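# Close look at the chain arrangement
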Amino acid sequence: MAQQAQTPAPGKAAKPAKDAPPPLPEPLRVPVADSHTHLDMQEGTVEEALAKAASVGVTTVVQVGCDLAGSQWAADTAAAHDSVRATVALHPNEAPRIVLGDPDGWSRQGAREPGGDSALDAALARIDALAALPHVSGVGETGLDHFRTGPDGMAAQQRSFRAHIEIAKRHGKALVIHDREAHEDVLRILREEGAPERVVFHCFSGDAEMAKICAAAGYFLSFAGNVTFKNAQPLRDALAVAPPELVLVETDAPFLTPAPYRGRPNAPYLIPVTLRAMAEVKGMTEDAMATAVAANTARAFAC
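Definitions and cut-offs
- Residues numbered from 1 in each chain as written.
- Predicted model: local features only at pLDDT ≥ 70, side-chain atom pairs only at ≥ 80, totals over all residues.
- Heavy atoms only, no water.
- Helix = DSSP H or I, 4+ residues; strand = E, 2+ residues; numbered from the N terminus.
- Rg over C-alpha atoms; globule rule 2.2 N^0.38 Å.
- Buried < 20%, exposed > 50% of the residue type's maximum accessible area, 1.4 Å probe, protein only.
- Contact = heavy atoms within 4.5 Å.
- Areas by Shrake-Rupley, 256 points an atom, 1.4 Å probe, with all protein chains shown as cover.
- Lys, Arg positive; Asp, Glu negative; His and termini not counted.
- Charge placed at Lys NZ, Arg CZ, Asp CG, Glu CD.
- Axes fitted to C-alpha atoms, helices over the stretch in contact; angles between N-to-C directions.
- Left-handed = near helix turned anticlockwise from the far one by under 90°.
- Core = buried A, V, L, I, M, F, W, Y, C linked by side-chain atoms within 4.5 Å.
- Expected span 1.5 Å × (residues − 1).
- Polar contact = N/O pair within 3.5 Å; in protein donor to acceptor, adjacent residues only side chain to side chain.

## A closer look at the overall build of the chain
Counting secondary structure elements, the chain contains ten helices and eight strands. The C-alpha radius of gyration of the chain comes to 19 Å, within 12% of the 19 Å expected for a compact globule of 303 residues. Seen through its C-alpha atoms, the chain measures out along the principal axes to roughly 65 × 55 × 40 Å. The burial tally for the chain puts 53% of its 303 residues in the buried class. In the chain, of all internal contacts separated by at least 6 residues, the share reaching a separation of at least 24 is 72%. Accessible surface, the chain as shown: approximately 13,600 Å² in total, 55% of it carbon and sulfur. Of the charged side chains in the chain, 28 are positive and 37 negative; the average position of the first set lies 5 Å away from that of the second.

Now the structure itself:
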């Protein structure tokens, strides 16, 4: 027997469903870009997402590739929409799956047989070809992930990361880094290989000391909705010391929805929520923060 819906107590509003999209925030006065999003993982059409974002002042999005299919989709979507830029790459967790296989089917491709180093080389060659396209603005997200990939996959991750650095440098594209619990190794490999002219630490996850190291190297630090979380004081400390000319804002949607909507679907139209929280941390006005972020994203991704 179906349960009857509960009527909220008088004077108490019903809680929104966990999967209900958050409401539109107040529009920004200065247009900005979402420097890292995954439209292919979000509900609705690309056109709907772009229109919704533009209605609140988010006029450009950077669509990020994580595997071969996603990178091709990102490149095709950027070619079809003036307000979309693309980045292409094998995610750090994708490289070991190509080499070692993915019997549990954790990735979007499902279960795969081990392909060895030759399969990784072939995949990197396809990323290289996509990176040459004019509407592709970056190579990423690449880097290292010590959280999800164990010791058996580290060699493939590091080989892939080094190859992506070379691809970004050769094509003159921004390098977009995924760094999860791997700060020292990521910075070490960048030093060893020689970083590209433009490096973006996507969803920056370091502390204030790492922010200073990245800033000294001229790397961009991109902050996502998790900078608004109650337990994220180290991230806010990092943002506080980051030079305004190196700060970007992103959603990483559909993930990392900013407070007070944590746990509900994220999308580019929620950038104003994160940007306003960032402005408060930096002691800047909303317009000044947006102006800086817009200029920085244009320098990083030519958008």
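On we go from here.
## Digging into the packing of helix α7 (residues 208-217) against helix α8 (residues 233-241)
The contact between α7 and α8 brings their axes to 8 Å, and the two run at 35°. Here α7 runs over α8; the crossing is right-handed. Contacts from A208, A211 and K212 of α7 reach α8 at P234, D237, A238 and V241.

## As for the nonpolar core
Residues F161, L175, L190, F201, F204 and F223 are the most contacted members of the largest nonpolar core, which totals 73 residues. For this core, the element with the most residues is helix α4 (residues 116-131), which contributes six residues. Setting aside residues up to four positions removed in sequence, F201 forms contacts with I177, D179, V186, L187, L190, M210, C214, Y219, F220, L221 and S222. Core analysis: the next-biggest nonpolar cluster, separate from the first, contains eleven residues, V200, A215, L248 and F301 among them.

## As for helix α2 (residues 68-80)
In a regular helix each residue adds 1.5 Å, so 13 residues correspond to 18 Å; α2 covers 18 Å between its end C-alpha atoms and thus fits that length. Residues of α2 that are buried make contact with α1 (46-54), β2 (58-64), β3 (84-88), α4 and β4 (136-145). Where α2 begins, one side-chain oxygen reaches toward the backbone nitrogen of A69, 3.4 Å away; that side chain belongs to D67.

## Quick notes on the side chain of N93
Looking at the element boundaries, N93 is found in the loop between β3 and α3 (94-100). Side chain to side chain, N93 and Q157 meet in a polar contact 3.4 Å long.

## A word on the environment of R108
Examined against the element boundaries, R108 turns out to sit in the loop between α3 and α4. By relative accessible area, which is 49% here, R108 ends up partly exposed. In this structure the C-alpha to C-alpha distance between R108 and G70, which are 38 residues apart in sequence, comes to 9.7 Å. Discounting residues that sit within four places of it in the chain, R108 has contacts with D40, M41, D67 and G70.

Coordinates in, geometry out; function isn't part of it.
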